[in-house]
Amino acid sequence: MSTLRTIDELGDVRGKRVLVRSDLNVPLADGVIGDDGRIRASVPTINELADQGARVIVCAHLGRPTVFFERASGTTQPETEFSLQPVAARLGELLGRDVRFATDTVGESAQATVDGLADGEVALLENLRFNAGETSKDDAERGAFADALAGLAELYVGDGFGAVHRKHASVYDVPQRLPHAAGGLVAAEVGVLKQLTENPARPYAVVLGGAKVSDKLGVIANLLGKVDRLLIGGGMAYTFLKAQGHEVGNSLLQEDQLDQVRGFIEEAAKRDVELVLPLDVLAATEFAADAPHEVVDATAIPADREGLDIGPRTRELFAGRLADARTVFWNGPMGVFEFDAFAGGTRAVAEALIASDAFTVVGGGDSAAAVRKLGLAEDGFSHISTGGGASLEYLEGKTLPGLAVLED
Ligand code: ADP
Ligand code: MG
């Protein structure tokens, strides 16, 4: 397998304009940043380049600003709620440097901002997705935007791990137009994923949760050939329970995935993979933070209740199946951790990983956010990934476009 090109291979970057594709896709509400983990993870590569005297042009996306509205003037304007401006301020604080903000992606503001950069200075371009070329499926439209982006710089560094599974202009097309390298974050993330896929220490346990089974089908299918134990919690567990013939009340259920899930249950048995499902759940009267709830057996969920977290016996069971594992990958919260009353299952799994001596990896935006929201020490895990979709696709065995182009 080919390896990623490193920043060192770019040679002397002093005085060079370096376009850095970062992942700054953080939760924003009314201009206030929620979890800033991804910004913090982007800091080392940007600072490394700036310390070496590069003129650093950071580019990134935020959310999915697909709807554009017509201004009274008749011009089309992207939704301001998706502006990266608040992120520029936070990035500057974390870098300990000024960050100049360009109010467009490849327009006049971007060009003027880049032209004004001195050695060691940093700029951030406006949300790449304000330009339809960024995500276009049309090679020519994407290519035209990539040409313009590449025209701002002399070198490219791909460091936005959370976006490397996307065939987007800034991720896939620009590096084909400039001398390129992978940043430190991408290199670190890929190193961890290799450790999970090439010869993992055993027992190897994977804990999956989150809302939808359909998001994780590919990874389950691929992991069934690699892991020793597969623990399923969160909203997706109910489709497994239903597939086993149990009623799940009003719990999250993906009827259309039942056949597929039955197939997984058979496959796990055939391959001697231990499939661990919830024994009990917190069954609530409604989907609400203060919903009345009680512990019920996973096989006896009342018709008018919905399971919003794994119960105490399940927490103990899961912790037990993780205690002697040597490799653990965890993706997806065990319950609706956003509500304090239903965060206990997620906390129990996180604490089991922290207590373990295994190589422990957390993947998934919500899982990482849960760890921080619960106030758990991030250094209690071997690695917390900044990319949910990207790490899952890697574990599915797929080729990630944004990584392939950074190999030599
Ligand atoms: P990640 O981002 O870590 O990959 P997902 O996006 O797959 O995780 O899922 C996260 C979401 O799953 C959270 O918003 C959480 O509230 C939700 N969730 C977990 N368990 C349940 C449940 N039992 N019912 C409904 N939603 C759930
Ligand atoms: Mg998520």
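Higher on the page you've got the structure.
Structural notes, computed from the coordinates.

1. Overview of the pairing of strand E14 (residues 280-284)
And then number 1: Within E14, five of the five residues are buried, leaving the element largely enclosed by the surrounding structure.
And then number 2: As defined by bridge partners, E14 adjoins strand E15 (residues 293-297) across five bridges and the pair is classed as antiparallel. Within E15, the position partnered with Asp280 by the bridge is Asp297.
And then number 3: Pairing between E14 and strand E16 (residues 306-310): four bridges, direction antiparallel. Across the sheet, the residue bridging to Ala283 is Gly307, located in E16.

2. Topic: the sheet that holds strand E19 (residues 383-384)
And then number 1: Strand order in the open sheet formed by six strands is E13-E12-E11-E17-E18-E19, with parallel pairing between adjacent strands. The open sheet has two edge strands with one neighbour each: strand E13 (274-276) and E19.
And then number 2: As paired elements, strand E17 (residues 327-331) and strand E18 (residues 359-363) share five bridges and run parallel to each other. Across the sheet, Thr327 pairs through a bridge with Phe359, a residue of E18.
And then number 3: Sitting on the sheet, helix H11 (residues 344-355) is in contact with strand E11 (204-208), E17 and E18, with an inclination near 155 degrees to E17.

3. Describing empty space enclosed by the protein
And then number 1: Summed over the entire model, instances satisfying the criterion amount to one cavity of 30 Å³ or more.
And then number 2: Estimated volume of the largest cavity: approximately 40 Å³.
And then number 3: Arg21, Tyr156, Gly158, Asp159, Gly160, Ala163, Val164, Val171, Gly402 and Leu406 together form the lining of the largest cavity.
And then number 4: In the lining of the largest cavity, the residues fall into five nonpolar, three polar and two charged.

4. Some remarks on helix H1 (residues 37-51)
And then number 1: Taking 1.5 Å per residue, 15 residues should reach 21 Å; H1 reaches 22 Å between its end C-alpha atoms and fits that length.
And then number 2: A maximum bend of about 30 degrees is found in H1 at Val43, where proline Pro44 lies one to four positions downstream.
And then number 3: Turning to H1, its buried residues are Gly37, Arg38, Ile39, Ser42, Val43, Thr45, Ile46, Asn47, Leu49 and Ala50.
And then number 4: Phi turns positive, to about 90 degrees, at Gly53, one or two residues after H1.

5. Describing the side chain of Thr314
And then number 1: As for its placement among the helices and strands, Thr314 is situated in helix H10 (residues 312-323).
And then number 2: Relative accessible area serves as the criterion here: at 0%, Thr314 is assigned to the buried category.
And then number 3: Residues within four places of Thr314 in sequence aside, it is in contact with Pro278, Leu279 and Asp280.

6. Some remarks on the site of ligand 1
And then number 1: By nearness alone, 19 residues border ligand 1, and Lys216, Gly307, Glu338, Asp366 and Ser367 come closest of all.
And then number 2: In the environment of ligand 1, an oxygen atom lies 2.8 Å from a nitrogen or oxygen atom belonging to the side chain of Lys216.
And then number 3: Within the contact set of ligand 1, a nitrogen atom lies 3.0 Å away from a backbone nitrogen or oxygen of Gly307.
And then number 4: The protein chains hide 85% of the 580 Å² of surface that ligand 1 would expose on its own.
And then number 5: Elements represented by at least two residues in the shell around ligand 1 include exactly E16 and helix H12 (365-373).
And then number 6: At three residues, H12 tops the list of elements feeding residues into the shell around ligand 1.

7. Topic: the nonpolar core
And then number 1: Judged by nonpolar contacts, the single largest core of 62 residues is most densely connected at Leu19, Leu125 and Ile220.
And then number 2: Sort the elements by how many residues they give to this core and helix H6 (residues 184-197) lands first, with five residues.
And then number 3: Leaving out residues up to four positions away in the same chain, Leu125 has contacts with Leu19, Ile57, Val58, Cys59, Leu84, Phe101, Ala102, Asp104, Thr105, Ala110, Leu149 and Leu152.
And then number 4: One finds Ile33, Val99, Leu155 and Val157 within the second-largest nonpolar core, a separate group that totals 30 residues.

8. Focus: helix H4 (residues 139-150)
Because each turn of an α-helix spans 3.6 residues, side chains separated by three or four positions end up pointing in the same direction.
And then number 1: With 12 residues, H4 extends 16 Å from end C-alpha to end C-alpha; this agrees with the ideal 16 Å at 1.5 Å per step.
And then number 2: Here H4 has its buried residues at Arg142, Gly143, Phe145, Ala146, Leu149 and Ala150. Within H4, the buried residues cover an arc of 165 degrees as seen down the axis, which keeps them to one side.
And then number 3: Those residues of H4 that are buried are in contact with strand E1 (17-21) and helix H5 (169-173).

9. A word on the sheet that holds E1
And then number 1: If you trace the six strands from one edge of the open sheet to the other, you get E7-E8-E4-E1-E9-E10, paired in parallel fashion. The open sheet has two edge strands, strand E7 (99-101) and strand E10 (180-182), and neither has a second partner. With strand direction ignored, the average angle separating the axes of adjacent strands in the sheet is 25 degrees.
And then number 2: For E7 and strand E8 (residues 122-124), the ladder comprises three bridges, and the chain directions are parallel. Across the sheet, the residue bridging to Val99 is Val122, located in E8.

10. Thoughts on unusual backbone geometry
And then number 1: Looking along the chain, the bond that leaves Arg202 and enters Pro203 is cis, with omega of 5 degrees.
And then number 2: Looking at where Pro203 falls in the secondary structure, it is placed in the loop between H6 and E11.
And then number 3: Of note, the phi angle at Asn199 is positive, near 60 degrees, even though the residue is not glycine.
And then number 4: Take Asn199: it is sitting in the loop between H6 and E11.
And then number 5: In this structure, Asp272 is a non-glycine residue whose phi angle is positive, near 65 degrees.
And then number 6: Here Asp272 falls in the exposed class, since its relative accessible area comes to 68%.

11. What to know about the packing of aromatic side chains
And then number 1: Per the counting criterion, the structure on display carries one aromatic pair.
And then number 2: With 5.2 Å between their ring centres and 65 degrees between their planes, Phe287 and Phe339 make a pair best called edge-to-face. Of this pair, Phe287 sits in the loop between E14 and E15 while Phe339 sits in the loop between E17 and H11; the two residues are 52 residues apart in sequence, bridging distant segments of the chain.
And then number 3: The exposure class assigned to Phe339 is buried, which follows from its relative accessible area of 18%.

The rules behind the values
- For every chain, the first residue of its written sequence is number 1, and the numbers climb from 1 along that sequence.
- In the order they appear in the text, chains get letters beginning with A and ligands get numbers beginning with 1.
- With the structure being a predicted model, the display of local features is reserved for residues of pLDDT at least 70 and the display and counting of side-chain atom pairs for 80 or more, all residues being used for whole-chain, interface and lining totals.
- Side-chain measures were taken over the full set of non-hydrogen atoms in the model, leaving aside hydrogen atoms and water.
- Only protein chains enter the accessibility calculation, which uses a 1.4 Å probe; a residue whose area is less than 20% of its type maximum is buried, one above 50% is exposed, and one in between is partly exposed.
- Helix and strand labels come from DSSP, where a helix needs a run of H or I of at least four residues and a strand needs a run of E of at least two; each type is numbered from the N terminus.
- Paired strands are those between which DSSP finds at least two bridges.
- Between two residues, a contact is recorded if the distance between any of their heavy atoms is within 4.5 Å.
- To obtain an axis, a line is fitted to C-alpha atoms, over the contacting stretch when the element is a helix, and the angle between two such axes runs from 0 to 180 degrees between their N-to-C directions.
- Here a cavity means grid points, on a 1 Å grid over the protein atoms only, where a 1.4 Å probe fits yet cannot get out; a pocket means an open set of points with protein on both sides within 12 Å along at least five of seven lines; lining residues are those with an atom within 4 Å of a point.
- Grid points are joined across faces, edges and corners, and a volume is the space filled by probe spheres set on the points.
- Classes in brief: Ala, Val, Leu, Ile, Met, Phe, Trp, Tyr, Cys and Pro nonpolar; Asp, Glu, Lys and Arg charged; the others, Gly included, polar.
- In this analysis, the expected span of each helix is defined as 1.5 Å times one less than the number of residues it contains.
- We define the bend at each residue as the angle formed by axes fitted to the 7 residues ending at it and the 7 residues starting at it.
- The rule for a residue being near a molecule or strand is that one of its heavy atoms must lie within 4 Å of it.
- In protein, a polar contact requires one atom able to donate a hydrogen and another able to accept it; more generally it is a pair of N or O atoms within 3.5 Å, and residues adjacent in sequence count only if both atoms are side-chain atoms.
- All accessible-area figures derive from a Shrake-Rupley calculation using a 1.4 Å probe, and residue coverage is judged against the displayed protein chains alone.
- Nine residue types can take part in a nonpolar core, namely buried Ala, Val, Leu, Ile, Met, Phe, Trp, Tyr and Cys, and a core is a set of them joined through side-chain atoms within 4.5 Å.
- The arc in question is traced by the directions running from the helix axis to the C-beta atoms.
- Aromatic pairing here means that ring centres of Phe, Tyr or Trp (its six-membered ring) are within 6.5 Å. Orientation follows from the plane angle: under 30 degrees is stacked, over 60 is edge-to-face, and everything else is tilted.

Purely geometric numbers; function is a separate question.
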